[in-house]
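Given next are the chains, with one letter for each unit.
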Amino acid sequence: MSPAIGSDSLDIRPAPGLMDTLAEQPLDPMLMVLHLLRNDPRPNKIDLGIGVYRDDTGHTPILASVKAAERHLIETQTSKDYLSPEGDAGFVAALAPIVLGPSTDDGTMWGMQTPGGTGALRLAAALLHRTNPDCRVWIGTPGYVNHAMLMQAAGLAVIEHPFFDKPTQTLLFDAMMSALNEVRRGDAIVLQSGCHNPTGVEFSHDQWRALAAFLNERGVVPVLDMAYQGLGQGLDEDAWGLRHVLAHVPEALVCVSGSKNFGLYRDRAGALWVQGSNPTSVRRARTNLNLMARTLWSMPPDHGTAVVRIILTTPQLDAQWRSELDVMRDRLTGLRHDLATAVPEFETVKRQSGMFSLLPLDRDQVTRLRIEHGIYMVESGRINIAGLNQGNLPVFASALRSVL
């Protein structure tokens, strides 16, 4: 006989739910730093972890050129209708010469808007997987932590190769090229063009030339990621390697972010360009990218890209933006020299560029800096140079000397 309703013997425990099968994931290292920072009551704590540009007051400003473009947008925008999956074509056209340099339209290069540089990388990964599910993506270590996760999320295998030696602060180009001898035709490689995150080191022009020749000879597709253009040596200088590679390989993917150089972090202004060997292949890639973008985010956001388009197509605002970018770059360069002067053991910092450096610190030293001095950075030793200013740099330098 079945137990009566309400009987103590009736087993009414719920079956395991769908979410119960999930394994809890550790916090992203950057989110962990942010969590610890926000819960530290010390008033003079120093944030060198979160990767946003800050001025000398510690504030992340909205550029004056951006504010002016936003005012114009508010006054002239007549609709909030959807964009197509390709996004704002005017934004892509205005940004193309900044990124790619002067070019003739022969049908072998096409671009589309994406939600930030991350969206561009994720869509590039999806295209690589669709064209060749067996494609392996080579990524230098140490590198930007999200690169591998984005490629793996698209089902691609990731292979790491040496890139930088933290103790000696040396770019390991020979070791990198030796490892790349194992590439297969149809593999891809992620390359940061200018202002490398997290190390701040750069390929020389000769190294870019050797790399481009190798990729062309071996049939490897470069995924060129440029997230900090203009914050290293200058707009054209930071794009030199990217443009050289594009000129010497038949196929490539270019992923660009406007978060840092336009200060549009939360507005997600990005772009993806695909270079093909002929117009037919590019047209096919375009149809596939449209379809995949439709399934990933359907329609991209508009505000940030509209702001960039207005800036780049308005001569006065374009000149103002370039001037503001010069100020940001000069500030970063000056801070690098000031830090190297204050802590001679880190003299290599002034030969690096962009927002980040990977200091030769171990986990214990990073922990001591946090606990004893309220200085926050990623446990790898990566610091955001823009988090320094004339007020906290002497404090940071003194704390560094105390843990060396």
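First things first, this report covers the structure right here in the doc. Given the structure is predicted, the values throughout are model-derived calculations rather than measurements.

**A closer look at the overall build of the protein**
- The helix and strand inventory of the protein stands at 14 helices and 13 strands.
- For the protein, whose C-alpha radius of gyration is 23 Å, the value lies close to the compact-globule estimate of 22 Å for 404 residues.
- Each of the three principal axes of the protein carries a C-alpha extent, and together these read 85 × 60 × 55 Å.
- Relative to its 404 residues, the protein shows a buried fraction of 51%.
- Residue pairs at least 24 apart in sequence account for 75% of intrachain contacts in the protein once pairs closer than 6 positions are excluded.
- Surface summary for the protein: the accessible area is close to 19,300 Å², and the carbon and sulfur share equals 54%.
- Distance between charge centroids for the protein: 1 Å, based on 36 positive and 43 negative side chains.

**Section: the nonpolar core**
- The biggest cluster of nonpolar side chains holds 94 residues, and the ones touching the most others in it are Trp273 and Phe396.
- In terms of residues, this core owes the most to one element, helix α3 (residues 89-100), which gives eight residues.
- For Phe396, the residues in contact, after removing those within four places along its chain, are Ile46, Leu48, Leu339, Leu359, Ile375, Met377, Ile383 and Leu388.
- Ile139, Val190, Cys255 and Ala293 belong to the second largest nonpolar core, which has 32 residues in total.

**Here's the deal with the pattern of salt bridges**
- If you walk through the whole model with that rule in mind, you get 14 salt bridges.
- With a closest N to O distance of 2.8 Å, Glu86 and Arg286 form a salt bridge. With a gap of 200 residues between them, Glu86 in the loop between α2 (64-76) and α3 and Arg286 in helix α10 (residues 279-296) connect regions that are remote in the sequence.
- Judged by relative accessible area, which is 35%, Arg286 ranks as partly exposed.
- Across the salt bridge formed by Arg368 and Glu372, the nearest N and O atoms sit 3.0 Å from each other.

**Re the environment of Gly232**
- Assignment of secondary structure puts Gly232 in the loop between β8 (221-226) and α8 (235-238).
- Sequence separation between Gly232 and Thr333 is 101 residues; the distance between their C-alpha atoms is 8.0 Å.
- Setting aside chain neighbours within four positions, we find Gly232 in contact with Cys195, Asp238, Arg329, Thr333, Ser353 and Gly354.

**Some remarks on the packing of helix α7 (residues 205-218) against helix α9 (residues 240-248)**
- The interhelical angle for the contact between α7 and α9, taken along N-to-C directions, is 30 degrees, at an axis separation of 9 Å. What the angle tells us is that α7 and α9 run roughly parallel. For the crossing formed where α7 meets α9, the hand is right-handed. From α7, His205, Trp208, Arg209, Ala212, Leu215 and Asn216 reach across to α9, where they touch Trp240, Gly241, His244, Val245 and His248.
- In the contact of α7 with α9, the residues fall into five nonpolar, five polar and one charged.

**A closer look at the layout of surface pockets**
- Its boundaries defined by the atoms lining it, the largest pocket holds a volume of some 1,200 Å³.
- Met30, Tyr144, Val145, Asn197 and Arg382 are the residues nearest the centre of the largest pocket, which is lined by 47 residues in total.
- Taken together, the elements giving at least two residues each to the lining of the largest pocket come down to α1 (29-38), α4 (116-131), β3 (136-141), α5 (145-153), β4 (157-162) and β11 (356-358).
- The biggest single contributor to the lining of the largest pocket is α1, with six residues.
- A volume near 610 Å³ is recorded for the second largest pocket.
- At the level of secondary structure, the elements contributing two or more residues to the lining of the second largest pocket comprise α3, β2 (109-115), α9, β10 (269-275) and α10.
- Among the residues forming the lining of the second largest pocket, the class breakdown is 12 nonpolar, six polar and five charged.

**Side note on the side chain of Thr305**
- For Thr305, the position within the fold is in helix α11 (residues 303-312).
- When sequence neighbours within four positions are dropped, the list of residues in contact with Thr305 reads Asp88, Phe91, Gln113, Ala269 and Gly270.

Conventions adopted
Residues numbered from 1 in each chain as written. Predicted model: local features only at pLDDT ≥ 70, side-chain atom pairs only at ≥ 80, totals over all residues. Heavy atoms only, no water. Helix = DSSP H or I, 4+ residues; strand = E, 2+ residues; numbered from the N terminus. Rg over C-alpha atoms; globule rule 2.2 N^0.38 Å. Buried < 20%, exposed > 50% of the residue type's maximum accessible area, 1.4 Å probe, protein only. Contact = heavy atoms within 4.5 Å. Areas by Shrake-Rupley, 256 points an atom, 1.4 Å probe, with all protein chains shown as cover. Lys, Arg positive; Asp, Glu negative; His and termini not counted. Charge placed at Lys NZ, Arg CZ, Asp CG, Glu CD. Core = buried A, V, L, I, M, F, W, Y, C linked by side-chain atoms within 4.5 Å. Salt bridge = Lys/Arg side-chain N within 4 Å of Asp/Glu carboxyl O. Axes fitted to C-alpha atoms, helices over the stretch in contact; angles between N-to-C directions. Parallel < 35°, antiparallel > 145°, perpendicular 65-115°, else oblique. Left-handed = near helix turned anticlockwise from the far one by under 90°. Nonpolar A, V, L, I, M, F, W, Y, C, P; charged D, E, K, R; others polar. 1 Å grid on protein atoms, 1.4 Å probe; cavity = no way out; pocket = protein on both sides within 12 Å on 5 of 7 lines; lining within 4 Å. Points joined across faces, edges and corners; volume = space filled by probe spheres on them.

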